[in-house]
Amino acid sequence: MSLEKKLKQLCKVEIQIESIDLEEMNVDVLLPYESSSVSIELEGDNDKEIMESFKLGVNKRLDEMIDHLNDCKLKDSGQPSRRSALWHGWNY
């Protein structure tokens with residue numbers, strides 16, 4: 001099975017591969033709740049290493065999204081967290 005097919009099989013319905021460029025070693029994916037794709041850099045010397053780097057890249061981006069959403073939660077005062085305010089460029 002080709003590497004492209006293997007990468008596509010890793011993705012669930014919620015994660016869509018928009019393009020795969022094995023020469024440039026990156027994959028553009030559309031993640032849940034994102035309006036545009038993000039580029040995941042691939043690393044490795046063989047299919048197994050490349051697939052693992054793809055999984056790590058996608059999971060890292062998802063973890064960053066989770067962290068950001070948690071930072072957006074309102075504090076008891078009704079204000080967003082300082083980190084969330086900085087993320088959006090708001091004065092805090």
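Analysis parameters
- Residues numbered from 1 in each chain as written.
- Predicted model: local features only at pLDDT ≥ 70, side-chain atom pairs only at ≥ 80, totals over all residues.
- Heavy atoms only, no water.
- Helix = DSSP H or I, 4+ residues; strand = E, 2+ residues; numbered from the N terminus.
- Buried < 20%, exposed > 50% of the residue type's maximum accessible area, 1.4 Å probe, protein only.
- Contact = heavy atoms within 4.5 Å.
- Areas by Shrake-Rupley, 256 points an atom, 1.4 Å probe, with all protein chains shown as cover.
- Expected span 1.5 Å × (residues − 1).
- Polar contact = N/O pair within 3.5 Å; in protein donor to acceptor, adjacent residues only side chain to side chain.

Things to note about the overall build of the chain
Then, number 1: Within the chain one finds three helices and three strands.
Then, number 2: Ordered by position in the sequence, the α and β elements of the chain form the string α-β-β-β-α-α.
Then, number 3: Taken over 92 residues, the chain has a buried fraction of 28%.
Then, number 4: Put simply, 23% of the contacts in the chain that link residues at least 6 apart link residues at least 24 apart.
Then, number 5: Carbon together with sulfur atoms contributes 48% to the accessible area of the chain, which is approximately 6900 Å² in total.

Let's talk about helix α2 (residues 47–71)
Then, number 1: With 25 residues, α2 should reach 36 Å at 1.5 Å per residue; the first-to-last C-alpha distance of 36 Å fits that figure.
Then, number 2: Regarding α2, the residues found buried are I50, M51, S53, F54, G57, V58, M65, H68 and D71.
Then, number 3: One side-chain oxygen of the residue at the start of α2 lies 3.1 Å from the amide nitrogen of K48, identifying that residue as N46.

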